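A look at the structure
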Amino acid sequence: MNKLICLIFSFLILSSNTSFAIFNDAFIEKKLKNMQLTKPEPNLKYNFESLERIPIKLQIKDNLYTKKDSINEGQKVYFKITEDVFYNNKLIIERGSMAEAEITGYISRGFNGIPATIIINNFKVYGLNSKKLKGIYIKKGLNLTMYVLPIKWALTFLPPTGSFTNLIIGGNAKITKRDKITVYYYPKWYSENN
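The present account deals with the structure reproduced in this document. Chains are numbered independently. Their residues run from 1 in the order of the written sequence. Since the coordinates come from a predicted model, pLDDT governs what is reported: local features require at least 70, and pairs of side-chain atoms require 80 or more to be given and counted, while whole-chain, interface and lining totals use all residues. As a rule here, side-chain values come from all non-hydrogen atoms in the structure, and water together with hydrogens is ignored.

What follows is about a positive patch on the surface. There is a patch of like positive charges on the surface, built from K67, K68, R109, K174 and R178. Helix numbering and strand numbering both begin at the N terminus, where a helix is a DSSP run of H or I of at least 4 residues and a strand a DSSP run of E of at least 2. Along the chain, K68 falls in the loop between β2 (64-65) and β3 (76-81). Each patch groups residues whose relative accessible area exceeds 30% and which form no salt bridge, using 9 Å between like charges and 5 Å between nonpolar side chains of Val, Leu, Ile, Met, Phe, Trp and Tyr. Shrake-Rupley sampling with a 1.4 Å probe provides the accessible areas, and residues are treated as covered by the protein chains on show and by no other component. Salt bridge, as used here: a side-chain nitrogen of Lys or Arg that lies within 4 Å of a carboxyl oxygen of Asp or Glu. In summary, the charge assignment counts Lys and Arg as positive and Asp and Glu as negative, without counting His or the chain termini. Where a charge sits is defined by one atom per residue type, namely NZ (Lys), CZ (Arg), CG (Asp) or CD (Glu).

Written as structure tokens, this is what we have:
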């Protein structure tokens, strides 16, 4: 009898997922029907055999703080290069040159001590081929989950007291001029506009 119930239950779960997938595809096709989309062309001519890289040290131009600033994904962030960059004893980027990047991820702080997080990616250094740059910078606020969760479990034997720890909020993220941000330039990677 148990096997029959498990078989019926499994059939219901599988059939519900299949019908949802069909509905989801129809919905997507309807939404994308009149939109013009361009397929991005990947540049597959990189020479990934070369691991030679040049560090580029950056400093943010204006401080970012999740408490005060309104931070959005896709927002541009500007940097100043803090040291001269040389390749084969030749100066390729001067100190004080500008760079920009994009906020590709933002997570606001939350309950249970979860901190705010800012993810910066897609760096562009003026004067260098951005397809040869690689770097990502992630900054998190104060993470309190390591403290909140043990307290929560310790207080569960007293009925609502453990739930009150859910109200503890994590810290804000802050990127200042003191933060050391480094991206890497791979000069031997091949690209079409080299």
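Still to come is the rest of the account.
Relative to the helices and strands, T117 resides in strand β7 (residues 117-125). By relative accessible area, which is 7% here, T117 ends up buried. Contacts are assigned to residue pairs that have any heavy atoms within 4.5 Å of one another. Filtering out sequence-adjacent residues up to four positions away, T117 remains in contact with G105, Y106, I107, I138, K139, K140 and A173. The buried label applies to any residue whose accessible area, calculated with a 1.4 Å probe on protein chains only, is under 20% of its type's maximum; exposed applies above 50%, and partly exposed to all values in between.

Let us now look at the side chain of E100. Mapped onto the elements, E100 comes out in strand β6 (residues 98-107). A relative accessible area of 13% places E100 in the buried class. The definition of a polar contact used here is a pair of N or O atoms within 3.5 Å, where within protein one atom must be able to donate a hydrogen and the other to accept one, and adjacent residues in sequence count solely through side-chain atom pairs. A polar contact of 2.7 Å, which involves the side chain of E100, links it to the side chain of Y126. Ignoring any residue separated from it by four or fewer positions in sequence, one finds E100 in contact with K76, V77, Y78, F79, N122, F123, K124 and Y126.

Let's shift gears to the nonpolar core. In terms of nonpolar packing, the biggest core is built from 28 residues, with I56, L58, F79, I120, F123, V125 and I175 touching the most fellow members. Other than its neighbours up to four places away in sequence, I175 contacts I60, N63, L64, I118, I120, Y137, K139 and I181. In this description, a nonpolar core means a group of buried Ala, Val, Leu, Ile, Met, Phe, Trp, Tyr and Cys residues linked to one another through side-chain atoms lying within 4.5 Å.

So, on to the pairing of β7. A pair of strands is labelled paired if DSSP reports no fewer than 2 bridges between them. Of the strand pairs in this sheet, β6 and β7 are connected by seven bridges, and their pairing is antiparallel. Paired with I103 across the two strands is I120, which belongs to β7. Relative to strand β9 (residues 137-140), β7 is paired through four bridges, and the arrangement is antiparallel. Paired with I119 across the bridge in β9 is I138.

Next up on the list: unusual backbone geometry. Backbone geometry places N88, a non-glycine residue, at a positive phi of 55 degrees. Here N88 shows up in the loop between β4 (85-87) and β5 (90-93). A positive phi angle is found at N112, which is not glycine, with a value near 65 degrees. Assignment of secondary structure puts N112 in the loop between β6 and β7.

Ordered by their spatial adjacency, seven strands build an open sheet running β8-β11-β1-β3-β6-β7-β9, and the pairing between neighbours is antiparallel. Every other strand in the sheet has two partners, leaving β8 (133-134) and β9 as the edge strands with one partner each. Pairing between strand β1 (residues 54-60) and β3: three bridges, direction antiparallel. Along β3, the bridge assignment pairs Q59 with K80.

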